[in-house]
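Spelled out, the chains give:
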Amino acid sequence: PRSDCIAAEQLCLSDSTCNATYRILENCALAKTRFPPLDHDSRVRCLNAELDLGNSSLLHCKCHRRMRRQEHCLRIFWTVHSSMTDGYFNLETSPYENPANEEHWKTDYNKLAALLSGKDCSQLAGDASNPCLKATHVCNLSKKCVRLRTDYASICTKGAGSEDTCDRRKCHRGLRNFFEKVPEDFTKRILFCPCEDELCGERRRKTIVPDCSFQYNTKPNCLWLLDSCLEDHICKSRLADFQQNCQPADMSPDGCSQPNHAACLQAYMGMIGTPMTPNYVSNSSVEVSLWCTCESSGNQKEKCDQILGMFESNKCL
């Protein structure tokens, strides 16, 4: 049975055999971040240690998207599965529990929507033609939603309009806080609000304050973004989750290998606030992309195109 990786680690450390195997895997995970790369014998030793865990709960543990100490949990997962982290297309499984198995967050969205519909119409001018504005008003009725939205907005706009650049790392953390801690009834409506005009589309595109969270002065190569992501436990985990839940499949009627489209949208939201943050490309479409290019990719252009294509031309997404 799957368990929380933090609980599984504690159980393993209390057993001398499991503890010794786990310490080998910790060294393997650490060695993978250093140069030169592991030699053949070391790689075999690491792989054998992973196999030695057999059916232990540590090998089958998962993490929850909204859990406390999430980063610690993810570090344990990638320590145990370090042989899977060689490259983008080797991230074979998500460290996150299946959304269907996670506790559904109860929200008072319907009550708030009823409150909103009873508001004085003059206060909500333009709501009818701008669903993104209405979604923001609904967020404003929730103390948690408005507090965390205000938090990331203020962090991500610092330095705007001056020579100072914003603190992208803090901006990303604020965005992750918002999308992790606010119930999806609010976050999905703000991020995926349906638009019919450019004014609405601009508001939707600017949801994540792209000047700070998304854009650089010049577009970096997508392989550089990928390398930045794989060095970060949270980003690597969100990428694995995105790859698993938004994997396109030509043979499928809807172009998606997974039947749960909500899980794909959730995985897409999980990428926001990481080095591989995606966003809408314009005010007049629902197309999304990473802020990167595949020019000057040399003999890795095919790999680069595949990474960019997971966002730009993904039928499932």
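Residue numbering note: each chain is counted from 1, following its sequence as written. Under the rules for a predicted model, residues below a pLDDT of 70 receive no local features and side-chain atom pairs below 80 are neither given nor counted, while totals for whole chains, interfaces and linings still include all residues. To get the side-chain values, take all heavy atoms of the structure and skip hydrogens and water.

Under the annotation held in an unreviewed UniProt entry, the protein chain carries the name GDNF family receptor alpha-4 and is attributed to Chlamydotis macqueenii. UniProt positions are given in the numbering used here, feature names are shortened, and annotations may be inferred rather than shown by experiment. Per UniProt, the comment on the protein chain under Sequence similarities (unreviewed entry) is "Belongs to the GDNFR family." Recorded under Subcellular location (unreviewed entry), the UniProt text for the protein chain is reproduced unchanged: "Cell membrane".

Chemist: Before we move on, can you summarise helix H1 (residues 5–13) with the specific residues and values?
Modeler: Among the residues of H1, those classed as buried are Cys5, Ile6, Ala8, Glu9 and Cys12. Here the buried residues of H1 occupy an arc of 160° about the axis, which is enough to place them on one side. Exposed and oriented more than 90 degrees from the buried face of H1 are Gln10 and Leu11. Every residue pair with non-hydrogen atoms within 4.5 Å of one another is taken to be in contact. Only runs of H or I of at least four residues qualify as helices and only runs of E of at least two qualify as strands under DSSP, and these elements are numbered from the N terminus. The secondary structure elements touched by the buried residues of H1 are helix H2 (16–31) and helix H4 (70–80). Definition of a polar contact: a pair of N or O atoms within 3.5 Å, with one able to donate and the other able to accept a hydrogen when the atoms are protein atoms, and with sequence-neighbouring residues admitted only if both atoms are side-chain atoms. If you check the start of H1, you find a side-chain oxygen 2.7 Å away from the backbone N of isoleucine 6, and it comes from aspartate 4. Summary of the burial criterion: residues with accessible area below 20% of their type's maximum are buried, those above 50% are exposed, and those between are partly exposed, where the area comes from a 1.4 Å probe applied to protein chains only. Taking the helix axis as origin, the arc is that swept by the directions to the C-beta atoms.

Chemist: Give me the packing of aromatic side chains: which residues, what numbers.
Modeler: Here a pair means two rings of Phe, Tyr or Trp (six-membered ring of Trp) with centres within 6.5 Å. Their orientation is stacked below 30 degrees between planes, edge-to-face above 60, and tilted elsewhere. Tallied over the entire structure, the rule returns 7 aromatic pairs. Look at phenylalanine 178 and phenylalanine 179: their rings are 5.1 Å apart centre to centre, the planes differ by 80°, and that puts the pair in the edge-to-face class. Across this residue pair, the class does not change: phenylalanine 178 and phenylalanine 179 are buried. Between phenylalanine 242 and phenylalanine 311, the aromatic rings sit 4.5 Å apart at their centres with planes inclined by 5°, giving stacked as the arrangement. Placement of phenylalanine 242 in helix H13 (residues 233–245) and of phenylalanine 311 in helix H15 (residues 301–312) is noted, with a sequence separation of 69 residues between them. The residues phenylalanine 242 and phenylalanine 311 share a single accessibility class, namely buried. By the ring-pair criterion, three or more aromatic residues cluster together here, those being Tyr152, Phe178 and Phe179.

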